[in-house]
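Chains, contacts and geometry: an overview
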Amino acid sequence: MKVKIEKRQNEIKINPRLHGQFIEFLGNAINDGIWVGKESKIPNVNGMRLDVINALKEIEPPIIRWPGGVFADHYNWKDGVGKKRKKVFNEGFGTYSVETNEFGTDEFLEFASLIHSEPWININLLTGSAREMSEWMEYINRKQASYLSQKRKNSGHEAPYNVNLWGIGNEVWGGGGMMTPEQYVADYRKFATAAPTFALNQFSEDSRYFILSGADANKPKERRYWTSSVMKELAKARPPKVDGYDLHWYNWYLGKDFSASATDFNADDWYQVISGAMELEDILKEQYDLIQDGLEQMPEPEGEFDQKLEKIDLILGEWGNWYGKAFFEEKALYQQNTMRDAITTAIILDILHSNADKVKMASMAQTINVLNALILTDGKEFVLTPVYDIFKMYKVHRDNDVLDINVTDQNNNHIKFFASIKDKIIYLNVINFDLTETININIDLPSQVSRYQREELVANDMHETNTFEDPNHLRAAIVEQHDNVSSKELSNIGIKPMSVSVFKFELN
Ligand code: AHR
């Protein structure tokens, strides 16, 4: 099989924000997953687990979304600030437990800064009001002395946080309100307009980024209707501020009566889940086109004060594998992640990379203890799943230019490629999801290579994973390093079954 890597005609840059994360008050995502409290015996920074902070710091998630998800629409930010926190009951996705609200706004923003991540806060559009939203924003961002900025200062945070990413609504077609596009856009207009600007004067630049709740990407008919209807509604009168459109998509694998398991599966399940992941690409293209069609309908400005709404970024705000059995877990939506999930994560990230001209931001659901998790915890126990290794290996693609790949003489189609370049270094991802066959490839590069290396994550059995007892069973490692290569073509490179490799080629 020949793999020719070439420069693209038109440049596509990979936005680092495609590697974002998502944490919610759901199951043990936050409580136990991040928050253990200052008095805990588990090493912590102001109540937040040190093991989790250190692991996430290494992959530096460019963005992190919070507090939900469904929970966002039941969240009152006032319950989670100041000395006295309010206990509430959390029913979200089978969580059914008391939420102490000890991890509130200030804790989340400290956490985001500790892991070098930009916060994305989703406001409550369902049970909250526009006033509550603007007060929350005031608490977080107001510099000038006001009652709410003083409240933040009393909590020990003198400087405003300057949060820019705001989600207005979550899954408003379902748990976020069962709304029609008409109802939602009407509410959205109100909330987006009520939000404070934090401008220095009336001509200063607006750094706020408002995210509109997009379609349920898992429903083909509904998602097309939803996106085109939302765009039509926005075009009916002066459009409000909209910067991003947040699509949610899960690679559902439920089985009969929700019996599909994350760890107990056969070869057929392996291939079905992997082919499910590949469906995302067409959905993203379809949704991008619908947004562009919608933008063409936006009203033309009629005066100096009007601006045409010309651009809305496509965002994938929730994505990941979701198996039926997760619904019955004691800790809601808890899922182990095997090599199968590492492979689908690699495939999905490569779909996002290749479509970086269309998709500008994404966050995986969810970072810890829920669904496609990077990290699992249980009291003092902690383990990094193989999904973590994929994010770590793929970090090298951030801010790079996408390259073209031309594959010929393909004798096995259980293989995927993606490549990008920055500063004369090419990074090539090769995913072999065949269960038995090593696939040999010849790589043809655009110019001579002086050095190259390969990092690999590989399993010997499809069920392999990392557990608290055997935490480093599957771990990515540098398996090849070659200096003084002086070659444009590299032949007969064996790609093992059930593996993800990232090659680094240093060009002359
Ligand atoms: O990620 C789990 C849940 O899935 C989120 O709370 C919700 O937005 C989605 O349906």
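Structure report, in brief. (Residues numbered from 1 in each chain as written. Predicted model: local features only at pLDDT ≥ 70, side-chain atom pairs only at ≥ 80, totals over all residues. Heavy atoms only, no water.)

Quick notes on empty space enclosed by the protein
As a reminder, the rule being used: The pocket and cavity definitions rest on a 1 Å grid over protein atoms only: a 1.4 Å probe that fits but cannot leave marks a cavity, an open set with protein on both sides within 12 Å along at least five of seven lines marks a pocket, and residues lining either have an atom within 4 Å of a point. Grid points are joined across faces, edges and corners, and a volume is the space filled by probe spheres set on the points. Ten residues, namely Ala, Val, Leu, Ile, Met, Phe, Trp, Tyr, Cys and Pro, are considered nonpolar, four, namely Asp, Glu, Lys and Arg, are considered charged, and the remaining ones, Gly among them, are considered polar.
Here the structure, examined in full by the defined rule, presents 1 cavity of 30 Å³ or more. Its boundaries defined by the atoms lining it, the largest cavity holds a volume of some 60 Å³. Around the largest cavity, the lining residues are Tyr-75, Trp-77, Ile-123, Asn-124, Gly-128, Ser-129, Glu-132, Met-133 and Trp-136. Of the residues contributing to the lining of the largest cavity, the split by class is 5 nonpolar, 3 polar and 1 charged.

Side note on a nonpolar patch on the surface
Test applied: Nonpolar side chains (Val, Leu, Ile, Met, Phe, Trp, Tyr) within 5 Å and like charges within 9 Å form the patches, drawn only from residues with over 30% relative accessible area and no salt bridge. Areas reported here follow the Shrake-Rupley algorithm with a probe of radius 1.4 Å; residue values treat only the protein chains shown as occluding. Between Lys or Arg on one side and Asp or Glu on the other, a salt bridge is scored when a side-chain nitrogen of the former is within 4 Å of a carboxyl oxygen of the latter. Secondary structure is summarised from DSSP: a helix means a run of H or I of at least four residues, a strand means a run of E of at least two, and numbering begins at the N terminus for each. Exposure categories follow from relative accessible area, calculated using a 1.4 Å probe and restricted to protein chains: below 20% of the type maximum is buried, above 50% is exposed, and the middle band is partly exposed.
Taken together, the side chains of Phe-93, Trp-252, Phe-258, Phe-327 and Phe-328 present a nonpolar region at the surface, about 500 Å² in accessible area. Its location among the elements puts Trp-252 in strand β11 (residues 244-253). Residue class for Trp-252 comes out partly exposed when judged on its relative accessible area of 34%.

Re the environment of Leu-314
Stated formally: Any two residues having at least one pair of non-hydrogen atoms within 4.5 Å are treated as being in contact.
With respect to the element layout, Leu-314 can be found in strand β12 (residues 313-323). Not counting chain neighbours up to four residues away, the residues in contact with Leu-314 comprise Tyr-245, Leu-247, Leu-284, Gln-287, Tyr-288, Ile-291, Lys-358, Val-359, Lys-360 and Met-361.

Focus on the packing of helix α9 (residues 339-354) against helix α10 (residues 386-394)
Under the convention used in this document: Interaxial angles span 0 to 180 degrees and are taken between N-to-C directions of axes, which are lines fitted to C-alpha atoms, for helices over the stretch in contact. Roughly parallel means an angle under 35 degrees; roughly antiparallel, over 145; roughly perpendicular, 65 to 115; everything else is oblique. Crossing chirality is assigned from the near helix's rotation relative to the far helix, an anticlockwise turn below a right angle marking it left-handed and a clockwise turn marking it right-handed.
Between α9 and α10, the least distance of the axes is 8 Å, while the angle of their chain directions is 30°. Between α9 and α10, the crossing angle belongs to the class labelled roughly parallel. Judged by the twist between their axes, the crossing of α9 over α10 is right-handed. Only Pro-386, Val-387, Ile-390, Phe-391 and Tyr-394 of α10 make contact with α9, whose side of the interface consists of Met-339, Asp-341, Ala-342, Thr-345, Ala-346, Leu-349, Asp-350 and His-353. Among the residues forming the contact of α9 with α10, the class breakdown is 9 nonpolar, 2 polar and 2 charged.

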